[in-house]
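Examination of the molecular architecture
Listed here are the chains, written in short residue letters.
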Amino acid sequence: MKTLEPGVYGKVEITVDEKVSAKRAASGEMDVFGTPYVIALMEETADKSVRPYLDEECATVGTVVNIVHKAATPMGMKAYAESELVEVDGRRLVFKVAVYDEAGQVAEGTHERFIIYKDKFMKKAESRGKEQ
């Protein structure tokens, strides 16, 4: 694994459509960029930013999201998430995240991910509840 240090930057852009609407997520009844999808875009951006530093048998999983969603983005508008790795504590990664649309900032906050070994993680997940 390459050394991960603060400063790793990521950016992912989308066009907001009905696939990422609050209505589709059942998080509201409006056709605007839904908070669950805002969070998913932040997570995707953070995850993709560190993938080049990970060994093939590793991945990252999200564990903490703390954001404020402060503006509604209408259908058809472009939006993008930015992430910056701000802390590395062993396998724990902390990111500053934000989402913007064509009119300005939509959301901001922090996001934590952990580096995991894919096989070990899946074995543990698949055995969940079977130890009884």
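Residues numbered from 1 in each chain as written. Predicted model: local features only at pLDDT ≥ 70, side-chain atom pairs only at ≥ 80, totals over all residues. Heavy atoms only, no water.

1. Focus on the pattern of salt bridges
If charged atoms from side chains of opposite charge come close, those side chains can pair. Convention followed: Just to be clear on terms, a salt bridge is a Lys or Arg side-chain nitrogen sitting within 4 Å of an Asp or Glu carboxyl oxygen. Think of it in three bands: with a 1.4 Å probe and only protein chains considered, a residue is buried below 20% of the maximum accessible area for its type, exposed above 50%, and partly exposed in between.
Under the criterion given, the structure shown has 10 salt bridges. Here K23 makes a salt bridge to D31, at a shortest N to O gap of 3.6 Å. The class of D31 is partly exposed, set by a relative accessible area of 40%. Notably, a salt bridge pairs R51 with D47, separated by 2.5 Å at the nearest N-O pair. Classification of R51 by relative accessible area gives partly exposed; the value is 48%. Among the residues examined, D47 registers a relative accessible area of 9% and is labelled buried.

2. Some points on the side chain of H111
The cut-off we apply is this: Runs of E in the DSSP output that reach at least two residues are strands. Runs of H or I that reach at least four are helices, and both are numbered from the N terminus. Pairs of N or O atoms within 3.5 Å make up the polar contacts considered here, provided that, within protein, one atom can donate a hydrogen while the other can accept it, and that residues adjacent in sequence are counted only when both atoms are side-chain atoms.
Checked against the element boundaries, H111 lands in strand β5 (residues 104-117). Its relative accessible area of 1% is what places H111 among the buried residues. A distance of 2.9 Å separates the side chain of H111 from the backbone oxygen of V64, its partner in a polar contact. A polar side-chain atom of H111 sits 3.0 Å from a polar atom in the side chain of R113.

3. A closer look at unusual backbone geometry
With the exception of glycine, the majority of residues adopt a negative phi angle, and the majority of peptide bonds are in the trans configuration. Positive phi outside glycine occurs at A26, with the angle close to 60°. As for its position among the elements, A26 is in the loop between α1 (22-25) and α2 (35-50).

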